[in-house]
Protein chains: 2
Amino acid sequence: MSDMTTRDHIIEAADQLFYRQGFEHTSFSNIADAVQISRGNFYHHFKSKDEILDAVINVRLANTQMMLDKWEVEGKMPEDRIRSFINILIANKATIKQYGCPVGTLCTELAKLNHSAQPEANSLFTLFRTWLRRQFTLLGRESVADELAMHLLARSQGVATLANAFHDEKFIKHEVQQMNDWLSSCVKGTE
Amino acid sequence: MSDMTTRDHIIEAADQLFYRQGFEHTSFSNIADAVQISRGNFYHHFKSKDEILDAVINVRLANTQMMLDKWEVEGKMPEDRIRSFINILIANKATIKQYGCPVGTLCTELAKLNHSAQPEANSLFTLFRTWLRRQFTLLGRESVADELAMHLLARSQGVATLANAFHDEKFIKHEVQQMNDWLSSCVKGTE
DNA sequence: GACAACCTAGGACGACCATCCTAATATTCG
DNA sequence: CGAATATTAGGATGGTCGTCCTAGGTTGTC
């Protein structure tokens, strides 16, 4: 923990603030306060605010990949692995209620800003998409694997958006149960 | 059209810009350019930027209510009315692809900004929610009407978010078809 | 111990923001 | 017509933003 460089601290703080307040609404002063360093000091580590965003997205990509790899090892059956994905809604229900989905809200914001980092942010979605697609393929649903992956992603997004708007955790639980039921029926259809 | 007051023009331009660029990212200069009036002139019509947002939300609420009322008249069966709701994804697929859902993206942004107009924006969701709930009640699903309404709202939101991120209209069509199938199975279950 | 490389602090900068002010112009109405 | 009112334009204000600059401090290396 203590061997983290100042750069890492900046990225970590920016990550949190971008998630909670949004990218545009987060200023260098906000990050500086969080990291407890001087404002003008940033430009020794990053050339611009956009470069911090790039770094944040790259960290998120790496963490997401690690998480997917872990699920791949932990879950013996593809069905179990997909349930790991569905379960992040439960595991993060408190923060989702407060701030929405970190991926979805970032992509939504960058789309409005017409920001150049849109493709990088969207690749976070793609990471989940291709991973889920592979699981559905392993499940014997190759011909519709991508549709099923997108369907699941969309439902997660919708749940996160509404849970955030209505500040409702119980809704998450209810929808997750339905998603699990849906997955069961997906599996059953192939046996 | 020409009997629209300057105030109405401001609201209309702000509505579009808030949708396309986001609330925070839209400045008075942007709106002034769109309406072709002077910047300092705003404060004769509105006390603040937040007051413009309020006006925009109120217009959206009124328009939404009119739309719901129209669907209520046009659709004889509750099932047809719910299909009208599902169909807005198709009707607006081009703009959704570009800018996402006007309701969802606004609520998401205001949540990040911790803005005081959050409840007003969320009431746009509530308008759809209570209307859908009533339709499902009329469909004989009173005990789970609210769950079904929220489920449908969530799926629409998810579709809009992903269609926006991936710039994919075909995905909208595909998901809408599934939502229609889902609705059919909902109806069949009660007959 | 000296020198170079890295790191930091904090102020200066120009741009833009929401907001306010004032003076000029339209419009309304006695 | 003329006075009161409504509307407009455009500049001023103070604040914040991202960015840059410079001078002082720390660290590592020979």
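I'd like a rundown of the overall build of chain A, residues and numbers included.
When helices and strands are tallied, chain A shows 9 helices and 0 strands. Secondary structure elements in chain A, listed N-terminal to C-terminal, are α-α-α-α-α-α-α-α-α. Over its C-alpha atoms, taken along the principal directions, chain A stretches across nearly 60 × 35 × 35 Å. The 191 residues of chain A split such that 50% are buried. Partitioning the contacts of chain A with sequence separation of at least 6, the portion at a separation of at least 24 is 68%. As displayed, chain A offers around 9100 Å² of accessible surface, 50% of which is attributable to carbon and sulfur atoms. Taking the average place of the 21 positive charges on the side chains of chain A and the average place of its 24 negative ones, the gap between the two points comes to 4 Å.

Residues and numbers for the relation of the copies chain B and chain A, please.
Aligned on chain A, chain B shows an RMSD of 0.0 Å; the corresponding rotation is 180° and the shift along the axis is 0.0 Å. Classification of the inter-copy transformation places it as that of a two-fold axis. Within chain B, the C-alpha atom positioned nearest to the axis of rotation is that of G158 of chain B, 1.9 Å from it. Taken as a fraction of all interface residues of chain B, those also at the interface in chain A reach 100%, which identifies the copy contact as same-surface.

Please set out the protein's contact with DNA strand D residue by residue, giving values where relevant.
Around DNA strand D there are 16 residues in total, and Y43 and K49 of chain A together with T6, S38 and H45 of chain B lie nearest to it. Sugar and phosphate atoms represent 60% of those atoms of DNA strand D found within 4 Å of the protein. With respect to DNA strand D, the backbone of K49 of chain A contributes an N or O atom lying 2.8 Å from a phosphate oxygen. Within the side chain of S38 of chain B, an N or O atom sits 2.8 Å from a base nitrogen of DNA strand D. Class assignment for the residues of the surface near DNA strand D results in 3 nonpolar, 11 polar and 2 charged.

An account of the packing of aromatic side chains is needed here, citing residue identities and associated values.
Counted according to the given criterion, the structure contains 16 aromatic pairs over all chains. For the ring pair F166 of chain A and F125 of chain B, a centre distance of 6.0 Å and an interplane angle of 45° mean the geometry is tilted. A residue pair is termed interchain when its members come from two chains, as with F166 of chain A in helix α8 (residues 145-166) and F125 of chain B in helix α7 (residues 118-138). With relative accessibility at 1%, the residue F125 of chain B sits in the buried group. Arranged with centres 5.5 Å apart and planes meeting at 25°, the rings of F28 of chain B and Y43 of chain B form a pair that is stacked. With F28 of chain B in helix α2 (residues 28-35) and Y43 of chain B in the loop between α2 and α3 (49-74), this pair connects stretches of sequence that are 15 residues apart. Judged by relative accessible area, F28 of chain B falls into the buried class, the value being 16%. Judged by relative accessible area, Y43 of chain B falls into the partly exposed class, the value being 49%. The lysine or arginine in question, K49 of chain A, covers the ring of F23 of chain A, its NZ or CZ lying 4.5 Å from the ring centre. Positioned above the aromatic ring of F166 of chain A, the side-chain terminus of R129 of chain B is 4.7 Å from the ring centre.

Any chance you could break down the packing of α8 of chain A against helix α9 (residues 169-188) of chain B for me, citing the residues and the numbers?
It is the contact of α8 of chain A with α9 of chain B, at a shortest axis distance of 11 Å, that shows an interaxial angle of 80°. The orientation of α8 of chain A with respect to α9 of chain B, classified from their angle, is roughly perpendicular. Across the interface between the two elements, E147, M150, H151 and A154 of chain A from α8 of chain A touch F171, H174, E175 and Q178 of chain B from α9 of chain B. Of the residues assigned to the contact of α8 of chain A with α9 of chain B, the class counts are 3 nonpolar, 3 polar and 2 charged.

A description of the state of the cysteines should follow, citing residues and the corresponding values.
With the rule as written, the count across this model stands at 0 disulfides over all chains. Here C107 of chain A is not disulfide-linked; the sulfur of C101 of chain A is the nearest cysteine sulfur, at 8.3 Å.

Requested: an account of the environment of Q157 of chain B, with residues and values cited.
Here Q157 of chain B shows up in helix α8 (residues 145-166). A relative accessible area of 5% means that Q157 of chain B is categorised as buried. Put simply, Q157 of chain B and T105 of chain B are 52 residues apart on the chain and 9.2 Å apart in space, counted from C-alpha to C-alpha. Residues in contact with Q157 of chain B, not counting those within four places in the same chain, are G158, T161 and L162 of chain A together with C101, G104 and F125 of chain B.

Quick rundown of the protein's contact with DNA strand C? Include the residues and the values.
Taken together, 16 residues form the shell around DNA strand C, and within it S38 and H45 of chain A together with F28, Y43 and K49 of chain B come nearest. A breakdown of the atoms of DNA strand C within 4 Å of the protein gives sugar and phosphate a share of 61%. Within the contact set of DNA strand C, a base oxygen lies 3.4 Å away from a backbone nitrogen or oxygen of G40 of chain A. Taking H45 of chain A, its side chain carries an N or O atom lying 2.9 Å from a phosphate oxygen of DNA strand C. A per-class count over the surface near DNA strand C returns 3 nonpolar, 11 polar and 2 charged.

About the cut-offs
Every chain is numbered independently, its residues counted from 1 as its sequence is written. By the order in which they are written, chains take letters starting at A while ligands take numbers starting at 1. For a predicted model such as this one, the threshold for reporting local features is a pLDDT of at least 70, and the threshold for listing and counting side-chain atom pairs is 80 or more; totals across whole chains, interfaces and linings nevertheless cover every residue. As a rule here, side-chain values come from all non-hydrogen atoms in the structure, and water together with hydrogens is ignored. Numbering of helices and strands runs from the N terminus; a helix is a DSSP stretch of H or I covering at least four residues, while a strand is a stretch of E covering at least two. For every residue, the accessible area obtained with a 1.4 Å probe (protein chains only) is divided by the maximum for its type, and the residue is called buried under 20%, exposed over 50%, and partly exposed between those limits. Contacts: residue pairs with any heavy atoms within 4.5 Å of one another. Accessible surface is estimated by sampling points in the Shrake-Rupley manner with a 1.4 Å probe; for residues, cover comes only from the protein chains shown. Charge assignment: positive for Lys and Arg, negative for Asp and Glu; neither His nor the chain ends contribute. All charge positions are set by atom: Lys at NZ, Arg at CZ, Asp at CG, Glu at CD. Least-squares superposition aligns the copies on the C-alpha atoms of those residues with pLDDT at or above 70 in both. Neighbouring residues are identified by heavy atoms, a residue being near a molecule or strand if any of them is within 4 Å of it. N or O atoms closer than or at 3.5 Å make up a polar contact, with two conditions inside protein: a donor-capable atom paired with an acceptor-capable one, and, for residues adjacent in sequence, both atoms drawn from side chains. Ten residue types, Ala, Val, Leu, Ile, Met, Phe, Trp, Tyr, Cys and Pro, are classed as nonpolar, four, Asp, Glu, Lys and Arg, as charged, and the remainder, Gly among them, as polar. Under the pairing criterion, centres of Phe, Tyr and Trp rings, with the six-membered ring standing for Trp, must be within 6.5 Å; the plane angle then separates stacked pairs below 30 degrees from edge-to-face pairs above 60, leaving the rest tilted. Counting as a charge over the ring demands two things of the Lys NZ or Arg CZ atom: a distance within 6 Å of the ring centre and an angle within 35 degrees of the ring normal. Between N-to-C directions, angles span 0 to 180 degrees; the directions come from axes that are lines fitted to C-alpha atoms, helices contributing only their stretch in contact. The labels follow the angle: roughly parallel below 35 degrees, roughly antiparallel above 145, roughly perpendicular from 65 to 115, and oblique for the rest. Any pair of cysteine sulfurs within 2.5 Å is marked as a disulfide.

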